[in-house]
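# Fold and geometry: a report
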Amino acid sequence: RGGSGSGLGGRLRGRRGRFGPRSRPLRIALLVAACAVALLPLTRGPSADAMADPVTPVTGNATHFFGLGGPYGGCGTTEAQLETLDYIALNVYNTPGDWVYYQRPLPVGDPKIGMWNNGHNCGRWVQVTIGDYCTGTNDGDRTQPFCRNGSWVADGFNGATLNMLVEDSCGDDNAWCRNDPYHIDLHDQSLDKFVKDGRPAGSMLPDHWNNRHVSWSFIPAPSYTGDIKIGFMQGAETWWAAASFSHLANGIHGVESWSGGKWVDSKMNGDMGQAFVLKPYEPGGTRFSVRVRDVTDKYLNNGRVYTFDLPDN
């Protein structure tokens, strides 16, 4: 249940990025009914256990990887669930010079928490802008500086942009994931999708990449329509009713289950930020009612309640 982002035999990264298997399709049970109820005032504040959201675009080195692992990526989703295959991974740790794989999720308030924020930034959108190219060696070596024996230069790809989803985590023990707090890892299929001046910028692979600088910032989901999607995860049952939430307008910070006559917080499945272990409407039951909070801790769709049943198979 750790997913590809758990640090359990993670994927390799090299000069051109990170490598790993593609995800396998997930059979999901979609929501079947919804209703509305009155809401109690919400008193929770923003999460205080990670690096703050960048106020303006930040710059970091970029790598790329083949795709989400199986059965899930680091956020608890599969590619089949996503509205786009343009996605990125964020750093699990902020531990310059420290290559230890710490237990995940990290304790609240731990200074080692990176932009991944224990999964709380999953499902959010970012706008990525291509920056300078390195003319030297830029291989993420733990003992060497970035872009050594060379310099950062601009070329025709500078300024190209693409909107992308946060769907995986980078916890590997290399300089990318540990020494560069704003490093992001891009799905390699996205490297020929960037647009500049309204036109495709072309592919940066293989000769115009070299783990370039990129700048990025969080944005609301562009042109959002429709509603969230909910699906039970592989192996879900009454006593471990893990469900995955996708197609989010502004990320996800929490899920509440109506259980035993009151709203109770559902626990995140590890640090897979779009996966939560739900509590049934009644103990031992197979019906679930939930409401969802976004990254600002605001209830989605004015507190809409989603009611659905665990399937027989």
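Reading the values: rules and limits
- Here the residue numbers are simple positions, counted from 1 along each chain's written sequence.
- At least 70 in pLDDT is required for a residue's local features to be given in this predicted model, at least 80 for side-chain atom pairs to be given and counted, and no such filter applies to totals for whole chains, interfaces and linings, which use all residues.
- Side-chain figures throughout are based on the complete set of non-hydrogen atoms in the structure, without hydrogens or water.
- Pairing between two strands requires that DSSP report at least two bridges joining them.
- Secondary structure elements are taken from DSSP: a helix is a run of H or I of four residues or more, a strand is a run of E of two residues or more, and numbering for both begins at the N terminus.
- Axis definition: a line fit to C-alpha positions, over the contact stretch in the case of helices; interaxial angles, taken between N-to-C directions, run 0 to 180 degrees.
- Stacked, edge-to-face and tilted are the three classes for Phe, Tyr and Trp ring pairs, Trp counted by its six-membered ring, which pair at centre distances within 6.5 Å; planes under 30 degrees apart are stacked, over 60 edge-to-face, the rest tilted.
- Think of it in three bands: residues with accessible area under 20% of the maximum for their type are buried, residues over 50% are exposed, and the middle band is partly exposed, with areas taken using a 1.4 Å probe on protein chains only.
- For a ring to carry a charge above it, either NZ of a lysine or CZ of an arginine must fall within 6 Å of the ring centroid while also lying within 35 degrees of the normal to the ring plane.
- Pairs of cysteine sulfur atoms within 2.5 Å are identified as disulfides in what follows.
- By the criterion applied in these results, polar contacts are pairs of N or O atoms within 3.5 Å in which, for protein atoms, one can donate a hydrogen and the other can accept it, and in which residues neighboring in sequence qualify only through two side-chain atoms.
- Within this document, salt bridges are pairs made up of a side-chain nitrogen of Lys or Arg and a carboxyl oxygen of Asp or Glu, the two lying within 4 Å of each other.
- Residue-level confidence of the predictor, termed pLDDT, takes values from 0 up to 100.
- Contacts are assigned to residue pairs with any non-hydrogen atoms lying within 4.5 Å of each other.

Read from one edge to the other, the open sheet built from 4 strands follows the order S14-S15-S19-S18, with strand pairing classed as antiparallel. Two strands close off the open sheet at either side, each with one partner strand: strand S14 (229-232) and strand S18 (267-269). Geometrically, the sheet is characterised by an average inter-axis angle of 40° between neighbouring strands, direction not taken into account. Pairing analysis gives 4 bridges linking strand S15 (residues 241-246) to strand S19 (residues 272-278), with the strands arranged antiparallel.

What follows is about the packing of aromatic side chains. For any pair of aromatic rings, the description consists of the separation of the ring centres together with the inter-plane angle of the planes. Considering all chains together, one arrives at 10 aromatic pairs under this definition. Geometrically, the ring pair formed by tryptophan 216 and phenylalanine 218 is edge-to-face, given 5.4 Å between the ring centres and 85° between the ring planes. Using a relative accessible area of 0% as the deciding quantity, one classes tryptophan 216 as buried. Between tryptophan 258 and tryptophan 263 the ring centres are 5.3 Å apart and the planes differ by 70°, which places this aromatic pair in the edge-to-face class. Each residue in the set Tyr182, Trp216 and Phe218 is aromatic and connected to the rest through ring pairs, giving one cluster. If you follow arginine 178 out to its NZ or CZ, it ends over the ring of tyrosine 101, 5.4 Å from the centre.

Moving on, we come to the state of the cysteines. Under the criterion given, the structure shown has 3 disulfides. The side chain of cysteine 75 participates in a disulfide bridge whose partner is cysteine 122; the two sulfur atoms lie 2.1 Å from each other. Because the sign of the S-S torsion sets the handedness, a value of about -85° for the bond joining cysteine 75 and cysteine 122 places this disulfide among the left-handed ones. Of this pair, cysteine 75 sits in the loop between strand S4 (58-65) and strand S5 (87-91) while cysteine 122 sits in the loop between S5 and strand S6 (125-130), and the two are 47 residues apart along the sequence.

Position of asparagine 121 among the secondary structure elements: in the loop between S5 and S6. Residue asparagine 121 is classed as buried on the basis of its relative accessible area, which comes to 2%. Within the structure, the side chain of asparagine 121 is placed 2.6 Å from the backbone oxygen of methionine 115, a separation counted as a polar contact. A distance of 2.8 Å separates the side chain of asparagine 121 from the side chain of arginine 124, its partner in a polar contact.

A separate point is the pattern of salt bridges. Taken as a whole and judged by the stated rule, the model has 13 salt bridges. We note a salt bridge from aspartate 86 to lysine 193, for which the minimum N-O separation is 3.5 Å. Highlighted residues: aspartate 86 in the loop between S4 and S5 and lysine 193 in the loop between strand S10 (184-187) and strand S11 (195-196), separated in sequence by 107 residues. Relative accessible area serves as the criterion here: at 9%, aspartate 86 is assigned to the buried category. Here lysine 193 falls in the partly exposed class, since its relative accessible area comes to 38%. Residue aspartate 309 pairs with arginine 287 through a salt bridge whose shortest N-O separation is 2.8 Å. On the criterion of sequence distance, the pair formed by aspartate 309 in strand S21 (residues 305-309) and arginine 287 in strand S20 (residues 287-293) is long-range, its members being 22 residues apart. With a relative accessible area of 43%, arginine 287 lands in the partly exposed category. Shared partners join several salt bridges into a network, and the residues in it are Glu256, Asp265, Arg291, Arg293 and Asp297.

This prediction gives the protein a mean pLDDT of 87; 84% of its residues lie at or above 70. A low-confidence stretch, residues 1-49 (pLDDT under 50), is modelled with 141 contacts involving residues beyond four sequence positions or located in other chains.

Take unusual backbone geometry next. A cis amide bond, omega 0°, links glycine 70 with the succeeding residue proline 71. Mapped onto the fold, proline 71 is located in the loop between S4 and S5. Following leucine 205, the chain continues into proline 206 via a peptide bond in cis, with omega recorded as 0°. The residue proline 206 is located in the loop between strand S12 (199-200) and strand S13 (213-219) in this model.

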